[in-house]
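# A closer look at the structure
The primary structure of each chain is shown beneath.
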Amino acid sequence: MDLDLSYPAVSDLRRKARRRIPHFAFEYLDSSTGAELQFARNRDALDAVHFMPDILRGTIDPDFTTTFMGQDFSRPFGIAPVGMSGLMWPGAERMLASHAFEQRIPYSISTVATRLPEEIGPVAGDMGWFQLYCPADPEIRRDMLKRAKTSGFTKLILTVDVPDDSRRERQRRAKLTLPPKITPRVVWEVLTHPEWSLRTLALGAPRIVLPESYVDNTDPRSSLAHAGHIIRGEPDWDTLKTLREEWQGDLIVKGVMCPDAAKRLVSEGVDCIWVSNHSARQFEPGPACITQLPKVRAAVGPDYPLIFDSGVASGMDILRALALGADFVMLGRAWHYAVAALGEKGPAHLTHILTDDMRLNMAQMGTHTLADLPGRLLEGV
Ligand SMILES: Cc1cc2nc3c(=O)[nH]c(=O)nc-3n(C[C@H](O)[C@H](O)[C@H](O)COP(=O)(O)O)c2cc1C
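Presented here is a report on the structure given in the accompanying data block. (Residues numbered from 1 in each chain as written. Predicted model: local features only at pLDDT ≥ 70, side-chain atom pairs only at ≥ 80, totals over all residues.)

Right, let's get into the overall build of the protein chain. When you go through the protein chain residue by residue, the secondary structure sums to 19 helices and 10 strands. By principal-axis analysis of the C-alpha atoms, the protein chain measures approximately 65 × 50 × 40 Å. Here the protein chain holds 381 residues, and the buried ones make up 46% of them. Sequence-distant contacts, at least 24 apart, represent 71% of the contacts inside the protein chain between residues at least 6 apart. (Helix = DSSP H or I, 4+ residues; strand = E, 2+ residues; numbered from the N terminus. Buried ≥ 20, exposed ≤ 12 C-beta atoms within 10 Å, placed from the backbone. Contact = placed C-beta atoms within 7 Å.)

We now examine the site of the ligand. Close to the ligand lie 23 residues, the nearest being Gly 83, Ser 110, Ser 279, Gly 332 and Arg 333. Split into classes, the residues belonging to the shell around the ligand amount to 9 nonpolar, 10 polar and 4 charged. (Near = placed C-beta within 6 Å. Nonpolar A, V, L, I, M, F, W, Y, C, P; charged D, E, K, R; others polar.)

Contact geometry for helix α18 (residues 333–342) and helix α19 (residues 346–365): axes closest at 8 Å, N-to-C directions at 130°. Between α18 and α19, the crossing angle belongs to the class labelled oblique. Crossing of α18 over α19 shows right-handed handedness. Contact residues: α18 offers Ala 334, Trp 335, Ala 338, Val 339, Ala 341 and Leu 342, while α19 offers Gly 346, Pro 347, His 349 and Leu 350. For the contact of α18 with α19, a count of residues per class yields 8 nonpolar, 2 polar and no charged. (Axes fitted to C-alpha atoms, helices over the stretch in contact; angles between N-to-C directions. Parallel < 35°, antiparallel > 145°, perpendicular 65-115°, else oblique. Left-handed = near helix turned anticlockwise from the far one by under 90°.)

Right, let's get into the environment of Gln 131. Structurally, Gln 131 can be placed in strand β5 (residues 128–132). Between the alpha carbons of Gln 131 and Ser 110 there is a distance of 5.0 Å; along the sequence they are 21 residues apart. Ignoring anything within four residues of it in the chain, the contact list for Gln 131 reads Pro 81, Ser 108, Ile 109, Ser 110, Thr 111, Ile 157 and Thr 159.

Across the 10 residues of α18, 10 count as buried, placing the element largely inside the fold. Every buried residue of α18 is accounted for by Arg 333, Ala 334, Trp 335, His 336, Tyr 337, Ala 338, Val 339, Ala 340, Ala 341 and Leu 342. Directly beyond the C-terminal end of α18, a positive phi value near 60° is found at Gly 343.

Mapped onto the fold, Ala 174 is located in the loop between α9 (169–173) and α10 (184–191). Through-space distance from the C-alpha of Ala 174 to that of Met 257 is 30 Å; in sequence the pair is 83 residues apart. Aside from chain neighbours lying at most four places away, what touches Ala 174 is His 23, Phe 24 and Glu 27.

If you look at the biggest cluster of nonpolar residues, it comprises 108 residues, and the most contacted ones within it are Ile 273, Val 275, Ile 307, Ala 321, Ala 326 and Val 329. The leading source of residues in this core is α18, at 8 residues. Aside from chain neighbours lying at most four places away, what touches Ala 326 is Leu 293, Leu 306, Ile 307, Phe 308 and Ala 321. (Core = buried A, V, L, I, M, F, W, Y, C linked by C-beta atoms within 7 Å.)

Here we take up helix α3 (residues 23–30). Buried residues dominate α3, accounting for 6 of its 8 residues. On the buried face of α3, the contacting elements are α2 (10–20), α5 (85–88), α9, α10 and α18.

Once that is clear, we can look at the pairing of strand β10 (residues 328–331). Side chains Phe 328 and Met 330 of β10 all project onto a buried face; the interleaved residues Val 329 and Leu 331 project onto the opposite face, where all are buried too. Both strand β3 (residues 77–79) and β10 contribute to a ladder of 3 bridges, which runs parallel. Each residue of the ladder has a partner; that of Ile 79, found in β10, is Leu 331. Bridge analysis of strand β9 (residues 306–308) against β10 gives 2 bridges, and the strand direction is parallel. Bridge pairing links Ile 307 to Phe 328 in β10. Read from β9 through helix α17 (residues 315–323) to β10, the crossover connection turns out right-handed. (Pairing = 2+ DSSP bridges. Right-handed = clockwise from strand over helix to strand, strands pointing away.)

Counting buried positions along strand β6 (residues 155–159) gives 5 out of 5 residues, so the element sits mostly inside the fold. Burial along β6 is two-sided: the face carrying Lys 155, Ile 157 and Thr 159 and the face carrying Leu 156 and Leu 158 are both buried. Where β5 lies against β6, 4 bridges are found, and the strand directions are parallel. Bridging across to β6, Trp 129 finds its partner in Lys 155. Remark: the β5/helix α8 (residues 138–150)/β6 crossover connection has right-handed handedness.

This part covers the packing of helix α6 (residues 92–103) against helix α7 (residues 117–124). Between α6 and α7, the least distance of the axes is 8 Å, while the angle of their chain directions is 25°. In terms of axis orientation, α6 runs roughly parallel to α7. When α6 is examined against α7, the residues Glu 93, Arg 94, Ala 97, Ser 98, Ala 100 and Phe 101 are found in contact with a partner set consisting of Ile 120, Val 123 and Ala 124. Looking at the contact of α6 with α7, its residues break down into 6 nonpolar, 1 polar and 2 charged.

Topologically, Phe 153 is positioned in the loop between α8 and β6. Residue class for Phe 153 comes out buried when judged on the 25 C-beta atoms lying within 10 Å of it. Separated by 32 residues in sequence, Phe 153 and Gly 121 have C-alpha atoms that sit 6.1 Å apart. Aside from chain neighbours lying at most four places away, what touches Phe 153 is Pro 117, Gly 121, Gly 128, Trp 129, Phe 130 and Ala 148.

And the structure:
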């Protein structure tokens, strides 16, 4: 099958994923919070970033290799941390980490992944970044950092835009609970998605194995609730200072929208800011993420490392974010639509879609390098 003809866009992967996995897994992946208006706002704002095409610019064969925070990557995009990846497709963490290593793009493992850092670190090699939901207990926090480091993760991502749960109503309607409740609907979903179910049976039910490893309890129900509680550390600026002292490698703070907060993070010795609104999963009335990016860039200065995510669904979206001040762009859902739709073949196909879309749009704009992109931006964006 020619994947480029069957699944030319991320939206095709999403459609296929929706059919191939149980409803509760798809809704967990796809949902935002509230009436999902911020999701639409993210999309509309990205679509409103326009460029003037150029003509007669000869051969355009852009070099996408990018040096970012002292590391060389083949492309300026990578894989954002997604909790419970293995719920969307059994074995997803391994597939994505191994693709990242082969392609030399970053893979971020979530604190609430379904695989341990000790298993995934060696697969991701030097492309592995570790995302932390900061535990309240300092001993657990320090131990997680130690385990991440000894597993080979080179950068630490502290996520700060999840001070508490969000309602994420679609997810609730789909009856996704931890631990899962066996309702007739859940049984039906499992029976009608046999490939997902058999693979899940083979690899074991998805669990948040890292937090659970700190729970000394044989009752799986209370152990899960306790595991969730462990990572709800409600970090503040003092926690950040401590973390800065405890982690000697690069420290990235993820989930920043506000230019003043960004300035303060820089002065606290944070190495990189990740501009994100968690792709509308946490707080509906906030601004579109892409509109904040140039403001954060202006606040931190031209040379400070900035990552962008939230709503990126094509190579063109990556170019938009790079033009507006990002050095690097991450995607969360798209990689999971890809693995849920196509299994092992998914990540490579998504990398192809994104790279080709970047290249072809750069040809239309007559831009030979990524640095030329801001010059083609139309005013008023
Ligand atoms: C299903 C799902 C789970 C997520 N889990 C985490 C997580 O555990 N830690 C984290 O920092 N961000 C998490 N995120 C947010 C992503 O890292 C990222 O910010 C977001 O998905 C980017 O937007 P996109 O999905 O539109 O590409 C999650 C996102 C999704 C869709």
